[in-house]
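Next come the chains, spelled out residue by residue.
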Amino acid sequence: MGGDWYGARVSKLFSTPLSRKLGLTYPLVAAPMFIISNKEMIVAAAEAGILGTMPSLNARTPEQFEADLKWIRDKTDKPFGINVTIGLTDPERLQQDVELCFEYEVPVLLTSYGNPTEIVKQAHARGVTVFHDVIQLRHAHKAQQAGVDGIIAVSQGAGGHAGRVNPYVLIPYLRRSVDVPIIAAGCISGGDQVAAALALGAELAYMGTRFIASAECGAPQAYKDMVVDATHDDVVYTDQVSGVHANFLKQTLPEEGTPSRGPDAAKRWKDIWSAGQGVSLIQEVAPIEEIVQAIVREYHDATARLQ
Ligand SMILES: Cc1cc2nc3c(=O)[nH]c(=O)nc-3n(C[C@H](O)[C@H](O)[C@H](O)COP(=O)(O)O)c2cc1C
């Protein structure tokens, strides 16, 4: 009897030390997506009990970014995160965006494409949490030295700039190699995969592609429909769009070979649509609240199968 009671209690819990520290109801992040994530998604995610995020550069100017932060702060008092793409952002804009995050008391900064040391120093002086994006151990070690509070392990098959290592290896490998919490990114579309990621030792699941197919997402309807209709066979891993290997929906790549790289590569993300292999498991476009509730049900079903 005692064992059954314990099993039932444990299967009902769906949180981790890190999700509790951040004040989230569930250990889930609606991951930042260039051009795609918006303030509406952040608020819907926050109200659904997960961490909503967006890259600061999704606001065209610092003034627009400040207006977005005000809007978000007005609509929710729950935690959310902002992504700063260090090496892809003009240094002056980067510093302005980071300072605006401090001014509006954004509790979590997500750093990618560069060295987070300076941002971590400034953030920790203000009690702000920093997670850094990596695809390999060398960068995870550097991020740990920089003092980050968590490492986002971006696996093979992820939407956006993806790694080459399968999540079954990447998550436990990084977990054993560093002393900070691991956040699992890549190919997570449902609650069963969240359960798998937590079983592998991750403390948060970082989901991008799943949230392209959300009602709040501002992506064109055709993009959302393609995410619903596509399978992993439609996802192409190439460095020809932005100079860094990333996953794209092949229907949106130019027919005559791939475009040459160049300084305006980022602009191409508007016409060439990125998504991860998790598209195979996405069946419909739904409001973020419904997506989160579906993930919670799937998580409990998955853990019940283990009892
Ligand atoms: C369209 C798109 C744009 C992205 N842009 C960014 C970005 O600007 N900054 C970043 O750190 N990660 C970016 N990512 C990666 C996501 O934050 C996240 O790591 C990834 O989506 C997780 O894999 P999944 O799509 O399989 O869930 C992007 C992903 C997608 C699909």
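Residues numbered from 1 in each chain as written. Predicted model: local features only at pLDDT ≥ 70, side-chain atom pairs only at ≥ 80, totals over all residues.

Colleague: Can you walk me through the overall build of the protein chain in this structure?
Modeller: When you go through the protein chain residue by residue, the secondary structure sums to 12 helices and 11 strands. The C-alpha radius of gyration of the protein chain comes to 18 Å, within 12% of the 19 Å expected for a compact globule of 307 residues. Taking the principal axes of the C-alpha coordinates as reference, the protein chain spans close to 65 × 45 × 40 Å. The buried share of the protein chain, reckoned over its 307 residues, is 48%. (Helix = DSSP H or I, 4+ residues; strand = E, 2+ residues; numbered from the N terminus. Rg over C-alpha atoms; globule rule 2.2 N^0.38 Å. Buried ≥ 20, exposed ≤ 12 C-beta atoms within 10 Å, placed from the backbone.)

Colleague: Sorry if this is basic, but what is going on with the domain arrangement of the protein chain here?
Modeller: Many structure descriptions define interface size as the accessible area lost when the parts assemble. Annotation of the protein chain at the domain level lists domain 1 (14-218 + 286-305) and domain 2 (223-270). Using C-alpha coordinates to define each centre, domain 1 is positioned 22 Å away from domain 2. Contacts between the two partners involve 13 residues from domain 1 and, on the opposite side, 12 residues from domain 2. Secondary-structure elements contributing two or more residues to the side of domain 1 that touches domain 2 are β7 (160-161) and α10 (209-212). (Domains from an automatic or database assignment. Contact = placed C-beta atoms within 7 Å.)

Colleague: Got a minute to help me understand the site of the ligand in this structure?
Modeller: If you check the shell around the ligand, you find 27 residues, and the closest are Ala31, Gly159, Gly160, Gly208 and Gly276. Looking at the shell around the ligand, the elements with two or more residues in it are β3 (80-85), β9 (204-207) and α10. Per-class residue counts for the shell around the ligand are 14 nonpolar, 11 polar and 2 charged. (Near = placed C-beta within 6 Å. Nonpolar A, V, L, I, M, F, W, Y, C, P; charged D, E, K, R; others polar.)

Colleague: Help me understand helix α9 (residues 191-199) in this model?
Modeller: Three or more residues of α9 are buried, namely Gly191, Gln193, Val194, Ala195, Ala197 and Leu198. Where α9 is buried, its residues meet β1 (28-30), α8 (167-177), β8 (182-185), β9 and α12 (288-305). Looking one or two places after α9, you find Gly201, whose phi comes out positive at around 110°.

Colleague: Sorry if this is basic, but what is going on with the confidence of the model for the protein chain here?
Modeller: Low pLDDT marks stretches whose predicted atomic positions should not be read closely. Averaged over the protein chain, the pLDDT score is 93; the fraction of residues at 70 or greater is 92%. This model gives residues 1-11 a pLDDT under 50, and the stretch forms 5 contacts once residues within four places in sequence are excluded. (pLDDT = per-residue confidence, 0-100.)

Colleague: Please explain the environment of Tyr299 as it appears in this structure.
Modeller: Tracing the backbone through its elements, the reader meets Tyr299 in helix α12. C-beta crowding within 10 Å serves as the criterion here: with 23 such atoms nearby, Tyr299 is assigned to the buried category. For the pair Tyr299 and Pro220, spaced 79 residues apart in sequence, the C-alpha separation works out to 30 Å. Setting aside chain neighbours within four positions, we find Tyr299 in contact with Phe14, Gly191, Val194 and Ala195.

Colleague: When you look at the sheet that holds strand β10 (residues 235-238) in this model, what are you seeing that I'm missing?
Modeller: Paired through backbone hydrogen bonds, the strands of a sheet run either parallel or antiparallel to each other. In spatial order, the strands read β7-β11-β10; together these 3 strands make up an open sheet with antiparallel pairing. Unpaired on one side and paired on the other, β7 and β10 mark the two borders of the sheet. Pairing of β7 with strand β11 (residues 246-249) involves 2 bridges; the strand directions are antiparallel. Counterpart to His161 in the pairing with β11 is Ala246. (Pairing = 2+ DSSP bridges.)

Colleague: Explanation requested: the sheet that holds β8 in the structure shown.
Modeller: Taken in spatial order, the 8 strands close into a barrel running β1-β2-β3-β4-β5-β6-β8-β9, and their pairing is parallel. For this sheet the average axis-to-axis angle between neighbouring strands, irrespective of direction, equals 25°. (Axes fitted to C-alpha atoms, helices over the stretch in contact; angles between N-to-C directions.)

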